Amino acid sequence: MPGDEQRTTVVISFTLNERPIVNRISFNGNFNVGEKDIRDVILTRERAVFSEPKLRLDKDAIAKLYVEKGFLDAKASYAFTPNKEANTVEVAFTIDEGPKTTVKRIQFSGNSFASEGTLKGLLTTKEPGFLVPGEFLESNLKQDIQAIQDYYGDHGFYFAKVEKVDRSFELNEAERRKYIVLTYYINEGAQYTYGTTTFTGNKVFSNEKLNSLIHQKPGDFISRKKSNEDYMRVIGLYYDNGYITTQIDTRERVDEGKKEISFAITIAEGDRSHIGRIIIQGNYKTKEIVIRRELPFEEGEVFNRAKIQRGYINLLRTGFFSRNIIFEPVQGSREGLIDIVITVEEERCLL
């Protein structure tokens, strides 16, 4: 509309419709999962702006939470009631939990080295028994698969794998329970022995020094866990002596004729790094000098990973800080300098 009689100006008016605020969130039908657990997984919050797309994501998140807790048939729905005068919305989630899933039987296919009893003992998921409810939790399945593979990997079956886990179900309407039979299909593969570990590119440390870090013995059945530990000791030697820019790569060499696995470790050594600045943040009550006196390293000295780890432990032992202490090495003011950024989270005082 014109702003004056001469029509030399214009008045622009905006009409705003504020989006409603979520006034209340309620839950119905959640008999086996606490409200707090459900609220933790949804995006919708009370006293926040209402969004129906968030509700669609929320109902899926609730169903996923129930699946992880053993309610494989759980479903969630939502409804909302607007209050136009107050410009608010009340949200209600309704949950159909369905039957609880209980393990009826666990069985294995393809296992000749490990007995069924040995494999069952590795699992977090258990068949029902005395003081064992036999609850099935989806979240444990991946952990159980890894436990089986780790067991085989530490007994020479370096390439063993759980190829799949089949599930079959039986529904007991009277008990409102769903029973599951789990079948783990295992490909054991061949059993291998450990051969040797060779090093190339190392000048700072001798082959003799590096070989002293390899604890596996030639001819022993190879262990994935021990192989990883050997490799980490080599990395640790360099990092603990300030060579944190060193690149270390390991490759497997498999001799199928001998059923033997060896390792070739290639090292691209960098220069030794020194500590530049020590930057401390997050300490609102604790004086910086109190924190610095707990650190077993100083600005200007050679970077040492072991000292960094001891610094974390020292700060934790003071009781002033939570476990959320972060030591972050970042590039310093010039090449060869590493700044250490320490972020602490102070514990609240209990009165």
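Everything quoted here is computed from the prediction, not taken from an experiment.

*Asks:* Quick rundown of the overall build of the protein chain? Include the residues and the values.
*Replies:* In terms of helices and strands, the protein chain carries 8 helices and 12 strands. Rg of the C-alpha trace for the protein chain: 30 Å, well past the compact-globule value of 20 Å for 351 residues, more than 25% over. Each of the three principal axes of the protein chain carries a C-alpha extent, and together these read 90 × 70 × 55 Å. A buried classification covers 36% of the 351 residues belonging to the protein chain. The long-range fraction of contacts in the protein chain, counting pairs at least 24 apart against all pairs at least 6 apart in sequence, stands at 61%. Averaged over its 50 positive side-chain charges, the protein chain has a centre that lies 1 Å from the centre of its 52 negative ones.

*Asks:* Account for the packing of aromatic side chains, naming residues and giving values.
*Replies:* For the coordinates displayed, the defined rule picks out 17 aromatic pairs. Arranged with centres 4.9 Å apart and planes meeting at 90°, the rings of Phe 205 and Tyr 238 form a pair that is edge-to-face. With Phe 205 in the loop between β7 (193-200) and α5 (207-211) and Tyr 238 in helix α6 (residues 224-239), this pair connects stretches of sequence that are 33 residues apart. Of the two residues examined, Phe 205 and Tyr 238, each falls in the buried class.

*Asks:* Residues and numbers for the sheet that holds strand β6 (residues 177-187), please.
*Replies:* Here 3 strands make up an open sheet; going across it, the order is β4-β6-β5 and the pairing mixed. In the strand order of this sheet, the two ends are held by β4 (100-109) and β5 (161-172), each with one partner. Between one strand and the next, the sheet's axes are offset by a mean angle of 20°, whatever the strand orientation. Sheet topology note: the β5/β6 ladder contains 11 bridges and is antiparallel. For Lys 161, the partnering residue across the bridge sits in β6 and is Asn 187. Contacting β4, β5 and β6, helix α4 (residues 138-153) crosses the sheet at an angle of about 140° to β5.

*Asks:* Requested: an account of helix α2 (residues 52-68), with residues and values cited.
*Replies:* In this model, α2 (17 residues) spans 25 Å end to end at C-alpha, consistent with the 24 Å of a helix rising 1.5 Å per residue. Among the residues making up α2, those that are buried are Leu 55, Asp 58, Ile 62, Ala 63, Leu 65 and Tyr 66. Angularly, the buried residues of α2 cover 155° about the axis, an arc narrow enough to put them on a single face. Along α2, exposed side chains directed more than 90 degrees from the buried face belong to Leu 57 and Lys 64. Looking at the packing, one finds that the buried side of α2 touches α1 (35-41), β2 (75-83) and β3 (88-96). In the segment just after α2, Gly 70 is the residue with positive phi, at about 100°.

*Asks:* Go over the pairing of strand β11 (residues 326-331), please, and point to the residues and values.
*Replies:* The pairing of β11 with strand β12 (residues 337-343) spans 6 bridges and is classified as antiparallel. In the sheet register, Phe 327 faces β12, and the bridge partner there is Ile 342.

*Asks:* Before we move on, could you go through the side chain of Gln 216 and cite the residues and values that matter?
*Replies:* Relative to the helices and strands, Gln 216 resides in the loop between α5 and α6. Looking at Gln 216, the relative accessible area reads 8%, which means it is buried. Within the structure, the side chain of Gln 216 is placed 3.0 Å from the backbone nitrogen of Ser 223, a separation counted as a polar contact. Here the side chain of Gln 216 touches Ser 227 through a polar contact of 2.8 Å, side chain to side chain. When residues no more than four places from it in sequence are discounted, the contact partners of Gln 216 are Tyr 194, Phe 221, Ile 222, Ser 223, Lys 226, Ser 227 and Asp 230.

*Asks:* An account of helix α8 (residues 305-317) is requested, with residue identities and associated values reported.
*Replies:* Taking 1.5 Å of rise per residue, 13 residues should cover 18 Å, and α8 covers 19 Å from first to last C-alpha, within 8% of that figure. Taken together, the buried positions of α8 are occupied by Ile 308, Gly 311 and Leu 315. Angularly, the buried residues of α8 cover 55° about the axis, an arc narrow enough to put them on a single face. Backbone nitrogen of Ala 306 and a side-chain oxygen of the N-cap are separated by 2.9 Å at the start of α8; the cap is Asn 304. Positive backbone phi, approximately 80°, marks Gly 319, located one or two places after α8.

*Asks:* Tell me what's going on with the side chain of Lys 100, and back it up with residues and numbers.
*Replies:* Along the chain, Lys 100 turns up in strand β4. Residue Lys 100 is classed as buried on the basis of its relative accessible area of 14%. Of note is the side chain of Lys 100, whose polar atom sits 2.8 Å from the backbone oxygen of Lys 69. Ignoring any residue separated from it by four or fewer positions in sequence, one finds Lys 100 in contact with Lys 69, Gly 70, Phe 71, Glu 135, Arg 176, Arg 177 and Lys 178.

What counts and how
- Residues numbered from 1 in each chain as written.
- Predicted model: local features only at pLDDT ≥ 70, side-chain atom pairs only at ≥ 80, totals over all residues.
- Heavy atoms only, no water.
- Helix = DSSP H or I, 4+ residues; strand = E, 2+ residues; numbered from the N terminus.
- Rg over C-alpha atoms; globule rule 2.2 N^0.38 Å.
- Buried < 20%, exposed > 50% of the residue type's maximum accessible area, 1.4 Å probe, protein only.
- Contact = heavy atoms within 4.5 Å.
- Lys, Arg positive; Asp, Glu negative; His and termini not counted.
- Charge placed at Lys NZ, Arg CZ, Asp CG, Glu CD.
- Phe/Tyr/Trp six-rings, centres within 6.5 Å; stacked < 30°, edge-to-face > 60°.
- Pairing = 2+ DSSP bridges.
- Axes fitted to C-alpha atoms, helices over the stretch in contact; angles between N-to-C directions.
- Expected span 1.5 Å × (residues − 1).
- Arc of directions from axis to C-beta.
- Polar contact = N/O pair within 3.5 Å; in protein donor to acceptor, adjacent residues only side chain to side chain.

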